[in-house]
Each structure stands twice: as C-alpha cells, then as structure tokens.
Amino acid sequence: MFALPPERDQQFRRMRDTAREIFTSALRKASIENAFARNVHCERRVLRIVDDLHDLDSYNRVFVVSIGKAAHTMAAALEARLGSSLEGIIASSVDSASQVRGFRYFRGGHPTPTGESIRAADAILNSLTALDSAALAIFMISGGGSSIVERPVDDEISLPDLAATYGTLVHSGAPIAEINAIRKHLSAVKGGRLAQAAYPAQQVSILVSDVPDDTPDALASGPTMPDSTSIQDCERVAAKYNLIDQFPKSVADLFHRHALDETPKSDDPAFVRARWWTVLSNKVAIDEAAVAATRAGFAVEVDNSCDDWPYDKAAAYLLNRLRDLRSKVSRVCLISGGEVTVTVRNGGSGGRNQQFALACAEQISGHNITVLSAGTDGIDGNSPAAGAVVDGSTFARAGDQAGGAEAVRHALSTFNAYPLFDALGDTLITGPTGNNLRDLRILLAY
C-alpha cells in the first residue's frame with residue numbers, strides 16, 4: 001500500500017483544497033447576478049442594458065427569450081430588475097427550482113437535442129413571428145443553447161438523425177467554432193435565424209458567453225447574430241474531420257448535393273434594429289480566479305494560449321510553462337481559460353477536464369504541483385463532476401487504488417477518468433451552476 005509521510009500528505013491535501021477554493025471563489029464572484037447588477041438597470045420604466053436605453057412604455061409588447069444553461073438564472077436576474085410583468089419563453093437543460101410568472105418553460109436536451117428541444121424552437125419561432133415593429137424582443141443567450149433549442153432546417157432530418165449528427169460533431173475533436181459552423185447551417189434557429197423570425201421588432205441580446213471573445217456569434221451557435229461562417233466553411237470542416245461518411249444519410253445528402261442554405265449575414269435587414277451585449281465571459285472568471293490566487297499568496301500568471309488545443313498537448317504546454325515560472329518564484333499560480341479538445345471513441349465516464357487532469361497526473365508525480373481543471377457550468381462530459389484536481393501524489397495513490405499504474409493509463413486511454421477520480425475523492429462536484437463561462441485550469445507550484 002502506498003503511504004505518504006504525514007507532512008507531505010497534509011501539504012498535498014492543503015493545496016488541493018486551495019485550488020478548489022480558488023475555483024469556487026471565481027465561480028461565486030463571476031455570477032450572473034453580479035453581471036446584471038453591473039450592466040442591467042431599470043428605473044421609471046427605462047431599461048438600460050450596458051449602453052442602450054429602452055423606454056418600455058414605448059413598445060406595444062416586450063417579449064423575452066432566455067435559452068441555454070444559464071437561462072433560469074438570467075431570467076430570475078431580469079425579473080429582479082423589471083418586476084413580474086414579463087412574458088416569454090425559457091429553455092434550459094435543467095428544471096428550474098422556481099418559475100418566473102409569465103414564462104413558458106422547456107427542458108431541451110444537452111449535449112444532443114431531444115423532442116423538447118424541437119418543441120422549444122417551434123414555440124419560440126411562432127412567438128417571434130407574431131411580433132411587429134413596435135415590439136421589443138429581449139434575447140438572453142448562454143452556452144448549451146445549440147442543442148437545448150433546435151429545429152432542423154430540412155424536414156428530411158429526423159430527430160434521431162439530428163441527435164446522431166450532434167454526437168458525431170461533439171466527438172470529432174473539432175473546436176467549438178468549427179462544430180457550430182455546421183450546426184448553424186443545419187438549423188432553422190441558429191446563425192441569425194431567430195433574428196430573422198423576430199424582424200421587424202427591436203432586438204437586444206444579453207450574452208453570457210462560453211465561447212472565445214472574438215467569436216461571439218459562436219455562442220449557442222449565434223441565433224440572434226449575423227453569421228461569420230459560410231457554406232464553404234462547413235464543407236471544409238466536414239472534409240477536415242471526415243465527417244460526411246459519419247453523418248446520417250439525410251445530413252450527408254445535403255453535403256453531397258451542395259444543398260445547404262446560407263445563413264443571414266451582417267447586411268440582412270433583420271440586424272438593422274438589433275444590438276448585442278456580452279455581460280459575462282470566461283475573462284471575468286479568469287480575473288476573479290487571479291484575485292483569489294493572489295489572496296492565497298501566489299504570484300499569478302494567465303496563459304490562454306492552449307484554447308481549443310488537444311488535451312494532451314495543452315497539458316504538456318501548461319506544465320512546462322508552470323515549471324519555467326516556478327524557477328523564478330517560490331509560489332506560482334498559472335491560470336488558463338477556455339477549453340481543450342478530446343476526440344472520444346467509445347469512451348467511458350468522464351469529460352475533457354478530467355481527461356486533462358489525468359493527463360497531468362503522471363507528469364507531475366512526486367512534484368510539488370497541483371492541477372485543477374473544471375467547467376464553470378458544473379458539468380464535465382457525461383459525468384456528474386465539474387472536473388477534478390490532481391497533484392504530485394495522485395499517480396501513486398491512483399495506481400494503488402486502481403491496481404497499478406497501467407490501470408491509470410488505461411483509464412486515460414479509454415476516456416474513463418471519472419470512476420478513478422471518484423474512488424480517490426478528487427472529483428469536483430458542484431452540480432449544475434446555472435452559469436456557463438467555459439473552463440478554468442488552475443495550476444499551482446509551491
């Protein structure tokens with residue numbers, strides 16, 4: 001049996017707790033309530049959203065659409081500022097603990113669409129097409145909306161075909177921007193098509209972003225924004241990852257026949273009276289983690305270079321960066337935001353954060369290094385965990401628990417990290433957070 005000296009065991013435990021505290025502090029401070037407190041105000045029926053003012057009494061109807069993993073939290077934050085006179089539709093992947101009066105609720109699927117996803121899309125499209133030029137449509141968009149609200153652009157694409165297409169895209173190893181290029185062109189609601197449905201109403205979108213800051217139209221596949229991707233991008237991505245042969249026939253036929261319809265671009269009339277404001281993003285979570293790490297006595301460095309890199313390449317890069325920083329200062333915290341990619345084939349239980357953490361475990365074995373990787377939405381892949389934390393003792397402890405180092409490596413190669421971390425007590429369990437700001441990786445050297 002493996003046993004650490006008591007003082008070493010205590011040090012590792014303390015640093016695992018510190019990494020968890022940095023993450024949870026960032027999650028708490030980068031909240032939707034705090035973001036709305038900074039950016040959304042209503043006084044005397046004049047609604048201010050960042051720099052825009054809307055006299056609510058000047059509209060004949062105000063209709064709210066809130067979609068994504070943060071849909072419930074955003075709706076509650078808006079109600080707290082506007083009161084209970086709202087009407088609209090809320091679609092999320094989880095049920096709400098309490099409901100806002102005046103809203104219809106849908107629980108769509110994630111990471112693949114369900115029948116409820118299609119029912120939500122139909123309800124939203126029907127409601128938006130009833131708006132006229134004297135109406136205000138308030139969209140509140142957060143990550144996960146791509147699958148939570150969905151309708152195929154072609155009626156030949158069945159729900160099972162749609163789900164299979166999503167599965168192929170999610171497991172392809174492609175970055176989210178490339179995945180969403182295809183999703184947009186297969187959808188009746190994405191890539192600006194909700195904005196087209198709402199035209200000619202005045203439109204404003206409040207965004208809680210889980211995509212890179214320079215690609216806001218990738219958020220929930222950009223249902224209310226001009227699409228920066230094209231049919232040619234879809235065909236290029238499909239070829240790059242050999243996707244057409246993996247798609248169901250109804251979707252593959254659209255590619256073979258070059259029959260995809262182009263999405264609306266910035267010159268479309270739907271966007272003449274539309275505005276978009278990002279009130280919360282991964283950067284806010286990173287900044288709050290940096291504050292917490294500084295308070296814990298670490299010199300802090302932020303490096304987002306490995307956004308959308310394969311998990312193993314990202315692990316090697318960040319650990320090398322951490323060691324370089326550690327050579328200059330006694331206690332250092334390296335923070336990395338964004339997401340890593342994992343190409344899964346017949347995987348077990350886990351997700352990209354646990355896969356990244358496990359990839360670090362052997363490389364840091366015996367060293368004074370702690371690594372935490374977790375999703376701010378509280379969900380990592382198909383597991384109940386948000387992520388996991390590893391340190392210089394993990395590889396030995398896991399090898400002991402799992403029956404040897406080969407068992408640990410097997411968990412890595414079979415994408416089955418969650419059972420191993422669960423046995424060690426090194427998962428990070430938050431439950432769904434009602435927020436979604438991409439992932440945080442927190443690396444400590446001491």
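Definitions and limits used
- Sequence order as written defines residue numbering, which begins from 1 separately in each chain.
- pLDDT decides what is reported in this predicted model: residues at 70 or higher carry local features, side-chain atom pairs at 80 or more are listed and counted, and totals for whole chains, interfaces and linings draw on all residues regardless.
- With hydrogens and water stripped out, all remaining heavy atoms of the structure feed into the side-chain values.
- Strands here are runs of E lasting at least two residues and helices are runs of H or I lasting at least four, both read from the DSSP assignment and numbered beginning at the N terminus.
- For every residue, the accessible area obtained with a 1.4 Å probe (protein chains only) is divided by the maximum for its type, and the residue is called buried under 20%, exposed over 50%, and partly exposed between those limits.
- Note on areas: Shrake-Rupley, 1.4 Å probe, and residue coverage restricted to the protein chains presented here.
- His is not counted, nor are the chain ends, whereas Lys and Arg count as positive and Asp and Glu as negative.
- Throughout, a charge is located at the NZ atom of Lys, the CZ atom of Arg, the CG atom of Asp or the CD atom of Glu.
- Whether two aromatic rings pair depends on their centres lying within 6.5 Å, for rings of Phe, Tyr and Trp, where Trp uses its six-membered ring; planes under 30 degrees apart make the pair stacked, over 60 edge-to-face, and the rest tilted.
- Comment: the charge-over-ring label is applied if NZ (Lys) or CZ (Arg) is within 6 Å of the ring centre and within 35 degrees of the ring normal.
- In short, DSSP must find at least two bridges between two strands for them to pair.
- Axes, fitted as lines to C-alpha atoms, cover a helix only where it is in contact. Angles between the N-to-C directions of the axes lie from 0 to 180 degrees.
- The criterion used for residue contact is that any of the two residues' heavy atoms lie within 4.5 Å.
- Two helices crossing with the near one rotated counterclockwise from the far one by less than a right angle form a left-handed crossing, whereas a clockwise rotation gives a right-handed crossing.
- Only Asp, Glu, Lys and Arg are considered charged, only Ala, Val, Leu, Ile, Met, Phe, Trp, Tyr, Cys and Pro nonpolar, and every remaining residue, Gly among them, polar.
- The cut-offs work like this: below 35 degrees is roughly parallel, past 145 is roughly antiparallel, 65 to 115 is roughly perpendicular, and the gaps in between are oblique.
- Salt bridges are identified by distance alone: a Lys or Arg side-chain nitrogen within 4 Å of an Asp or Glu carboxyl oxygen.
- What is meant by a nonpolar core is a set of buried Ala, Val, Leu, Ile, Met, Phe, Trp, Tyr and Cys residues, joined one to another through side-chain atoms within 4.5 Å.
- Take the number of residues in a helix, subtract one, and multiply by 1.5 Å to get its expected span.

**Thoughts on the overall build of the protein**
(1) Moving on: Scanning the protein for helices and strands turns up 16 helices and 15 strands.
(2) Moving on: Counting only C-alpha atoms and orienting by the principal axes, one finds that the protein spans roughly 70 × 55 × 35 Å.
(3) Moving on: Within the protein, buried positions represent 57% of all 446 residues.
(4) Moving on: Of the roughly 17400 Å² of accessible surface on the protein, a fraction of 49% belongs to carbon and sulfur atoms.
(5) Moving on: In the protein, 44 positive and 53 negative side-chain charges are present, and the distance between their average locations comes to 5 Å.

**As for the packing of aromatic side chains**
Ring pairs (aromatic) are described by centroid distance and by the angle formed between their planes.
(1) Moving on: If you walk through the whole model with that rule in mind, you get 3 aromatic pairs.
(2) Moving on: Considering the side-chain rings of Trp 309 and Tyr 317, the 5.1 Å spacing of their centres and the 65 degrees angle between planes classify their relative orientation as edge-to-face.
(3) Moving on: For Trp 309, a relative accessible area of 21% translates into the label partly exposed.
(4) Moving on: Owing to a relative accessible area of 27%, Tyr 317 belongs among the partly exposed residues under this scheme.
(5) Moving on: If you follow Lys 313 out to its NZ or CZ, it ends over the ring of Trp 309, 4.4 Å from the centre.
(6) Moving on: Between Arg 441 and the ring centre of Phe 356, over which it is positioned, the NZ or CZ distance is 5.9 Å.

**Topic: the sheet that holds strand β3 (residues 52-55)**
(1) Moving on: Across the sheet, which stays open at both edges, the 3 strands sit in the order β1-β2-β3 with antiparallel pairing between neighbours. Where the open sheet ends on each side, the last strands, each with one partner, are β1 (40-43) and β3. Within this sheet the neighbouring strands show an average axis-to-axis angle of 20 degrees, counted without direction.
(2) Moving on: Of the pairings in the sheet, the one linking strand β2 (residues 46-49) to β3 comprises 4 bridges and is antiparallel in character. By the bridge assignment, Val 46 is partnered in β3 with Asp 55.
(3) Moving on: Of the strands in this sheet, β1 and β2 touch helix α2 (residues 32-39), which is tilted by about 55 degrees from β1.

**Quick look at the packing of helix α13 (residues 352-361) against helix α15 (residues 405-413)**
(1) Moving on: Where α13 meets α15, the closest approach of the two axes is 10 Å, and the angle between their N-to-C directions is 145 degrees. As α13 runs across α15, the sense of the crossing is left-handed. Across the interface between the two elements, Gln 355, Leu 358 and Ala 359 from α13 touch Val 408, Ala 411 and Leu 412 from α15.
(2) Moving on: Classifying every residue of the contact of α13 with α15 gives 5 nonpolar, 1 polar and no charged.

**Quick notes on the packing of α13 against helix α16 (residues 417-424)**
(1) Moving on: Two numbers describe how α13 lies on α16: the axes approach to 9 Å, and their chain directions differ by 70 degrees. Accordingly, the angle class assigned to the pair α13 and α16 is roughly perpendicular. Between α13 and α16 lies a crossing whose hand is left-handed. Facing α13, whose interface residues are Gln 354, Gln 355, Ala 357 and Leu 358, α16 presents Ala 417, Tyr 418, Leu 420 and Phe 421.
(2) Moving on: A per-class count over the contact of α13 with α16 returns 6 nonpolar, 2 polar and no charged.

**A short note on the pattern of salt bridges**
(1) Moving on: Within the structure shown, the criterion is met by 31 salt bridges.
(2) Moving on: Ionic pairing is found between Arg 236 and Glu 178, a salt bridge with its closest N-O pair at 3.6 Å. One end of the pair, Arg 236, is in helix α9 (residues 231-240); the other, Glu 178, is in helix α7 (residues 176-185), with 58 residues separating them in the sequence.
(3) Moving on: As a salt-bridge pair, Lys 328 and Asp 324 come within 3.1 Å of each other at their nearest N and O atoms.
(4) Moving on: On the basis of relative accessibility, which here comes to 38%, the residue Asp 324 falls in the partly exposed class.
(5) Moving on: Each of Lys 184, Asp 217, Asp 227, Glu 262 and Lys 265 takes part in salt bridges that share partners, so that together they form one network.

**Section: the nonpolar core**
(1) Moving on: Core analysis: the biggest nonpolar cluster contains 58 residues, and Phe 36, Ile 138, Met 140 and Ile 206 have the highest contact counts within it.
(2) Moving on: Non-local contacts of Ile 138, meaning those with residues more than four positions away in its chain, are made with Leu 47, Val 62, Phe 63, Val 64, Val 65, Val 204 and Ile 206.
(3) Moving on: Of all hydrophobic cores here, the second largest spans 34 residues; its members include Leu 319, Leu 322, Ala 357 and Leu 358.

**Focus on the sheet that holds strand β7 (residues 135-142)**
(1) Moving on: Pairing in this open sheet of 6 strands is parallel, and the strands run β6-β5-β4-β7-β8-β9 from one edge to the other. Because the sheet does not close on itself, it has two edges, and the strands there are β6 (103-107) and β9 (274-280). Ignoring strand direction, the axes of neighbouring strands in this sheet form an average angle of 15 degrees.
(2) Moving on: Relative to β6, strand β5 (residues 88-92) runs parallel, the two being bridged by 5 bridges. Residue pairing for β6: Ala 91 is matched across the bridge by Phe 106.
(3) Moving on: Packed onto the sheet, helix α4 (residues 115-129) meets β4 (61-67), β5, β6 and β7 and runs at close to 150 degrees relative to β6.

**Describing helix α6 (residues 159-170)**
(1) Moving on: In this model α6 runs 16 Å from its N-terminal to its C-terminal C-alpha over 12 residues, within 8% of the 16 Å that 1.5 Å per residue would give.
(2) Moving on: The set of residues buried in α6 consists of Leu 162, Thr 165, Tyr 166, Gly 167, Thr 168 and Leu 169.
(3) Moving on: In this structure, the buried residues of α6 make contact with α5 (145-148), α7 and α10 (249-256).

**Description of unusual backbone geometry**
(1) Moving on: In this structure, Pro 111 follows His 110 across a cis peptide bond, with omega equal to 10 degrees.
(2) Moving on: Tracing the backbone through its elements, the reader meets Pro 111 in the loop between β6 and α4.
(3) Moving on: Tyr 199 connects to Pro 200 through a cis peptide bond whose omega is 15 degrees.
(4) Moving on: With respect to the helices, strands and loops of the structure, Pro 200 is situated in the loop between α8 (193-198) and β8 (202-208).
(5) Moving on: Here the phi dihedral of His 258 falls at roughly 50 degrees; this positive angle occurs in a residue that is not glycine.
(6) Moving on: Structurally, His 258 can be placed in the loop between α10 and β9.
(7) Moving on: Taking the relative accessible area as the measure of exposure, His 258 reaches 59% and is therefore exposed.
(8) Moving on: In this structure, Asp 308 takes a positive phi of about 70 degrees despite not being glycine.

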